[in-house]
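Tertiary structure, described
Each chain is listed here by its residues.
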Amino acid sequence: MKVLKVELGERSYPIYIGNGLIDDVKYFSSAIRHKDVMIVTNDTVAPLYLERLKRTLGSYNVSTCILPDGEKYKTLDSFNEIITHMLKGALGRDCTVIALGGGVIGDLSGFAAASYQRGVDFIQVPTTILSQVDSSVGGKTGVNHPLGKNMIGAFYQPKAVVIDLDCLKSLPAREISAGLAEVIKYGIIWDYDFFSFLEHNISGIMELDNEKLEHMIYTCCSIKAEVVHQDEREGGVRALLNLGHTFGHAIESFMGYGVWLHGEAVAAGMVLAAKVALHRNYLEKDYVERIVNLLTNAKLPVKAPDTMSYQDFFKIMIHDKKVKNGSIRYVLPTGFGKSAVFSDVPEELVVRAIEG
């Protein structure tokens with residue numbers, strides 16, 4: 001079992017990474033202040049892990065809120081359902097919310113915890129690769145709006161992140177691949193040695209080799225923890241974590257949330273970003289091809305939907321939360337394990353990448 005710490009002063013918290021952690025109360029007890037706990041999960045994860053976690057927390061008063069599964073339920077209606085459960089349970093300001101599930105559950109639960117009585121404690125228990133390496137760490141919480149993804153929310157840090165590698169064994173192959181998009185992102189934007197590790201070990205990772213998984217998740221969480229330590233509220237370096245997301249969010253919105261999984265859309269978005277970088281002479285063609293090959297080997301899409309035109313992209317991207325002063329901001333790779341944010345990308349280069 002490995003432990004990381006997200007260093008944020010008095011709001012610092014541990015990330016536990018290992019096998020069987022859901023069954024050990026010590027990874028939860030230090031982050032729970034009072035006897036009242038509410039677990040938020042969905043109808044896919046609940047049959048697999050809810051009773052186990054409730055047994056682990058047997059010395060607490062545990063209530064549950066079970067939501068439908070899927071990105072399309074990451075809405076204010078679901079947020080309201082969580083709040084309603086908390087009010088009906090008469091939970092006080094010293095209660096703890098535990099998010100048991102993937103990124104949707106983590107974002108919803110965190111936003112509810114941030115909002116209920118102006119803030120109660122919460123713990124992340126991510127059960128997908130995507131949530132274990134990315135969304136559970138760093139305190140971004142929120143819901144989608146029909147006009148944009150993650151447009152409503154708050155920065156709100158958990159008290160702990162408990163990553164049980166055994167949860168990944170229940171994931172369908174498509175979810176494993178979708179999570180690997182965020183993993184590959186870290187190699188592209190930050191750590192070229194990690195990118196090379198993924199090139200050589202992607203098949204073992206997809207087969208859930210425990211040693212490779214632990215190294216992969218520990219490395220991703222280490223990078224995310226360092227980025228969040230430097231820039232908690234995305235005023236600078238944290239924006240690099242959005243590689244592929246400006247394009248990817250447009251794909252998700254256009255296709256309908258849940259038609260393309262988040263990681264699938266981000267994968268196609270990263271290829272578009274790499275092609276824009278190629279057109280600006282930031283990258284060599286062979287490195288772009290390596291990025292495409294790694295995503296392909298992870299069984300991820302490397303092209304945008306055929307039904308989307310460049311007009312469709314721009315219509316949605318102009319409403320992206322990263323737009324500043326009317327300019328779309330793009331994260332582009334600029335070398336091996338390097339990246340930067342640009343707001344001066346000529347529209348014709350983006351059109352060229354999309355149409356190509």
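These figures come from a predicted structure and were not determined experimentally. (Residues numbered from 1 in each chain as written. Predicted model: local features only at pLDDT ≥ 70, side-chain atom pairs only at ≥ 80, totals over all residues. Heavy atoms only, no water.)

So, about the packing of aromatic side chains. Where two aromatic rings form a pair, the distance of their centres and the angle of their planes describe that pair. Tallied over the full model, the rule gives 12 aromatic pairs. Centre to centre, the rings of Y192 and F336 are 4.7 Å apart; their planes meet at 40°, and the pair counts as tilted. Taken as a pair, Y192 in helix α7 (residues 192–206) and F336 in the loop between β10 (330–335) and β11 (338–342) lie far apart in primary sequence, 144 residues in all. Judged by its relative accessible area of 26%, Y192 falls in the partly exposed class. An aromatic cluster is present here, built from Y192, F195, Y287 and F336 joined pairwise through their rings. (Phe/Tyr/Trp six-rings, centres within 6.5 Å; stacked < 30°, edge-to-face > 60°. Helix = DSSP H or I, 4+ residues; strand = E, 2+ residues; numbered from the N terminus. Buried < 20%, exposed > 50% of the residue type's maximum accessible area, 1.4 Å probe, protein only.)

Once that is clear, we can look at the pattern of salt bridges. Applying the stated rule across the entire model yields 17 salt bridges. Between E71 and K149 there is a salt bridge; the shortest N-O distance is 2.4 Å. In this pair, E71 is assigned in the loop between β4 (61–67) and α3 (76–88) and K149 in strand β8 (residues 148–155), connecting sequence segments 78 residues apart. It is possible to trace a salt-bridge network through shared partners that takes in D134, E182, K185 and K224. (Salt bridge = Lys/Arg side-chain N within 4 Å of Asp/Glu carboxyl O.)

For the rest of this paragraph, the subject is unusual backbone geometry. Even without being glycine, N281 reaches a positive phi, approximately 65°. Relative to the elements of secondary structure, N281 occurs in the loop between α10 (262–279) and α11 (285–297). For N281, a relative accessible area of 70% translates into the label exposed. Not every positive phi belongs to a glycine, and K299 is a case in point at roughly 60°. When you line up the elements, K299 lands in the loop between α11 and α12 (310–317).

Bringing the environment of S30 into the picture now. Along the chain, S30 turns up in the loop between α1 (26–29) and β3 (36–42). Judged by relative accessible area, S30 falls into the exposed class, the value being 61%. Residues S30 and K54, 24 residues apart in the sequence, show an inter-C-alpha distance of 17 Å.

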